[in-house]
Amino acid sequence: MRICTIPGDGVGQEVIPAAVRVLDALQIGLEFLHADAGFEHFQKTGDAIPETTLETVRACDATLFGATASPLTRVEGYRSPILALRQALDLYANLRPIQSLPGAFSRLNLDMLIVRENTEDLYVGRERVENDDAAIAERVITRRASERIARIAFESAGCRRKRVTIVHKANVLKMTDGLFRETCFQVAREFSNVRADEMLVDAMAMRLVTNPQDYDVIVTTNLFGDILSDEASALIGGLGVAPSGNIGVTNAVFEPVHGSAPDIAGKGIANPIGAILSAAMLLDYLKQSEAATRVRRAVQRVLEFGTLTRDLVSDLGHAGVTTEEMTRAILQQL
Ligand code: NAI
Ligand code: MG
């Protein structure tokens, strides 16, 4: 099986090589093909994600992506490569599991899956300025995209605790989220074994802090899913440990939830666990579930032994281990 690897910018360059070492150590015949993307690549070549990268992604069985940096102001010709990838390959479902990890940094008894619509909403990038004094963004919600993301959510719930919470803001966004909500409930009717309920996104943001253990599958639109999944990652130790998968009909790209983390990039202290658990999701996608379980067990054991990178350490007197030390500890467990 061929895996495309796109480290990207910042800590992506540190955590993806770590995840590749872990995958390689499994000795299950994986072949790795490197591809470029990101802001650094854009500055060198004028292209954020070259066509050759898209070709490599398409030719491989799955892709492991690190992170790319996006400037806060507009840079002519630059568009976030991960957004471009999601759209080019129609990776319509973003799966973000939140599972308890062993350690004081994580809450107990959490097993949640956030299913985020991945192709539309405010991320269609249709923004314009009017008369210099107003800026307008278009929010696109379609029945087709809502239907297929809802189906993924209900199918996933069928193999889990059989509950889907539809998260929206239809009380205000009556047309866009109204359509999303209505479509999700329509799909719910096909899944009589799964309980469907709903929650407004602001209330959901609170419930994630107060009662996260009550939730099984959460399905929501793109921007709400982006925000809620970062919030939810804090329940299990933060962005350094949160994995995700972008799933399409014929392709899938797995990536840690975090970004390029410029504040710690190049220091060798980034937590590789988010990337390594994303690699485990990639193995599940490739039907290598035994290998995926081995990776997850190794991560759990290392955390049980108290090997922690700086982002997971609560004791201020403890500096935390480096990316290299954490990776070696996980490899040793394997
Ligand atoms: P970020 O996720 O890069 O960092 C947020 C905080 O989490 C920082 O304090 C960082 O040090 C910490 N953190 C992130 N990953 C970590 C790791 N592996 N180990 C330990 N600590 C970690 O988000 P931020 O700072 O908002 O964005 C930085 C850049 O990343 C921006 O240019 C943004 O556009 C980009 N970004 C890219 C994403 C992607 O490629 N999918 C996703 C999110 C942000
Ligand atoms: Mg995000």
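Just so it is clear, the structure is predicted and the values come from calculations on it, not from any experiment.

Draft legend 1. Region of interest: the overall build of the protein chain. A count of helices and strands for the protein chain gives 11 helices and 12 strands. For 334 residues, the compact-globule estimate of 2.2 N^0.38 gives 20 Å, and the C-alpha radius of gyration of the protein chain, at 20 Å, lies within 12% of that figure. Counting only C-alpha atoms and orienting by the principal axes, one finds that the protein chain spans roughly 50 × 45 × 40 Å. A sequence separation of at least 24 residues applies to 74% of the contacts in the protein chain between residues at least 6 apart. Accessible surface computed for the protein chain: about 15100 Å², of which carbon and sulfur atoms make up 51%.

Draft legend 2. Main features of the pattern of salt bridges. Following the criterion strictly, the structure yields 23 salt bridges and no others. Here Glu76 makes a salt bridge to Arg74, at a shortest N to O gap of 3.5 Å. For Arg74, a relative accessible area of 74% gives the class exposed. Taking the shortest distance from any N to any O, the salt bridge between Arg301 and Glu304 comes out at 4.0 Å. One end of the pair, Arg301, and the other, Glu304, are both in helix 10 (residues 289-304), 3 residues apart, so they sit about a helical turn from each other.

Draft legend 3. View of the site of ligand 1. As a matter of local geometry, ligand 1 sits amid 20 residues, with Ser70, Gly259, Ala261, Asp263 and Asn271 nearest to it. At 3.3 Å, a side-chain N or O of His258 approaches a nitrogen atom of ligand 1. Coverage of ligand 1 by the protein amounts to 67% of the 810 Å² it exposes when considered alone. Its residues placed into classes, the shell around ligand 1 shows 10 nonpolar, 7 polar and 3 charged.

Draft legend 4. Geometry of helix 7 (residues 201-210). The complete set of buried residues in helix 7 reads Val201, Met204 and Leu208. Buried residues of helix 7 fall within an arc of 45° about the axis and therefore sit on the same side. For helix 7, the elements touching its buried residues are strand 5 (111-117), strand 8 (163-168), strand 9 (195-200), strand 10 (217-220) and helix 8 (222-233).

Draft legend 5. Examining the packing of helix 9 (residues 273-285) against helix 10 more closely. At a minimum axis distance of 7 Å, the contact between helix 9 and helix 10 shows a crossing angle of 160°. In terms of their interaxial angle, helix 9 and helix 10 are classed as roughly antiparallel. In the packing of helix 9 onto helix 10, the handedness of the crossing is left-handed. Two secondary-structure elements touch here, helix 9 through Ile273, Ile276, Leu277, Ala280, Met281, Leu283 and Asp284 and helix 10 through Ser289, Ala291, Ala292, Val295, Arg296, Val299 and Leu303. Looking at the contact of helix 9 with helix 10 residue by residue, the classes come out as 11 nonpolar, 1 polar and 2 charged.

Draft legend 6. Local environment of the layout of surface pockets. Counted as a void, the largest pocket has a volume near 1300 Å³. Around the largest pocket, the lining is made up of 35 residues, and of these Ser70, Pro71, Arg79, Ser80 and Leu83 lie nearest the centre. Elements with a minimum of two residues in the lining of the largest pocket: strand 3 (62-67), helix 4 (81-88) and helix 8. Looking at side-chain class alone, the lining of the largest pocket contains 17 nonpolar, 9 polar and 9 charged residues. A domain-level breakdown of the lining of the largest pocket finds at least three residues from each of domain 1 (1-93 + 237-334) and domain 2 (107-235).

Draft legend 7. Here's a closer look at the sheet that holds strand 9. As summarised here, the arrangement of the 10 strands in space is 2-1-3-12-11-4-5-10-8-9, forming an open sheet in which the pairing is mixed. The open sheet terminates on both sides in strands that have one partner only, identified here as strand 2 (31-34) and strand 9. Recorded for the sheet is a direction-independent mean angle of 25° between the axes of neighbouring strands. Bridge count between strand 4 (residues 93-99) and strand 11 (residues 243-247): 3 bridges; the pairing is antiparallel. Of the residues in strand 11, the one forming a bridge with Ala93 is Ile247. The strands touched by helix 4 within the sheet are strand 1 (2-8), strand 3, strand 4, strand 5, strand 11 and strand 12 (252-256), with strand 12 carrying the most contacts at an inclination of about 155°.

Draft legend 8. Local environment of helix 10. When the terminal C-alpha atoms of helix 10 are compared, their 22 Å separation across 16 residues agrees well with the 22 Å that a helix rising 1.5 Å per residue should span. Among the residues of helix 10, Ala291, Ala292, Val295, Ala298, Val299, Val302 and Leu303 are the ones counted as buried. Along helix 10, the residues classed as buried sweep out an arc of 130° about the axis, all on the same side. The exposed set on the far side of helix 10, more than 90 degrees from its buried face, consists of Glu290, Arg297 and Glu304. Looking at the buried side of helix 10, the elements it contacts are helix 1 (12-25), helix 9 and helix 11 (323-333). At the exit of helix 10 stands Gly306, carrying a positive phi of roughly 85°.

Draft legend 9. A look at the domain arrangement of the protein chain. As far as domains go, the protein chain holds domain 1 (1-93 + 237-334) and domain 2 (107-235). Using C-alpha coordinates to define each centre, domain 1 is positioned 24 Å away from domain 2. Interface of domain 1 and domain 2: buried area, both sides summed, is about 1200 Å²; carbon and sulfur atoms make up 49% of it. At the junction of domain 1 with domain 2, the criterion picks out 1 salt bridge. A salt bridge links Asp90 to Arg148, with the nearest nitrogen and oxygen atoms 2.8 Å apart. Per element, the largest residue contribution to the side of domain 1 that touches domain 2 is 3 residues, and it comes from helix 4. Each residue belonging to the side of domain 1 that touches domain 2 can be placed in one class, and the counts come to 7 nonpolar, 4 polar and 3 charged.

Conventions we followed
- Residues numbered from 1 in each chain as written.
- Chains lettered and ligands numbered in written order.
- Predicted model: local features only at pLDDT ≥ 70, side-chain atom pairs only at ≥ 80, totals over all residues.
- Heavy atoms only, no water.
- Helix = DSSP H or I, 4+ residues; strand = E, 2+ residues; numbered from the N terminus.
- Rg over C-alpha atoms; globule rule 2.2 N^0.38 Å.
- Contact = heavy atoms within 4.5 Å.
- Areas by Shrake-Rupley, 256 points an atom, 1.4 Å probe, with all protein chains shown as cover.
- Salt bridge = Lys/Arg side-chain N within 4 Å of Asp/Glu carboxyl O.
- Buried < 20%, exposed > 50% of the residue type's maximum accessible area, 1.4 Å probe, protein only.
- Near = heavy atom within 4 Å.
- Polar contact = N/O pair within 3.5 Å; in protein donor to acceptor, adjacent residues only side chain to side chain.
- Nonpolar A, V, L, I, M, F, W, Y, C, P; charged D, E, K, R; others polar.
- Arc of directions from axis to C-beta.
- Axes fitted to C-alpha atoms, helices over the stretch in contact; angles between N-to-C directions.
- Parallel < 35°, antiparallel > 145°, perpendicular 65-115°, else oblique.
- Left-handed = near helix turned anticlockwise from the far one by under 90°.
- 1 Å grid on protein atoms, 1.4 Å probe; cavity = no way out; pocket = protein on both sides within 12 Å on 5 of 7 lines; lining within 4 Å.
- Points joined across faces, edges and corners; volume = space filled by probe spheres on them.
- Domains from an automatic or database assignment.
- Pairing = 2+ DSSP bridges.
- Expected span 1.5 Å × (residues − 1).
- Buried area = accessible area lost by both parts, 1.4 Å probe.

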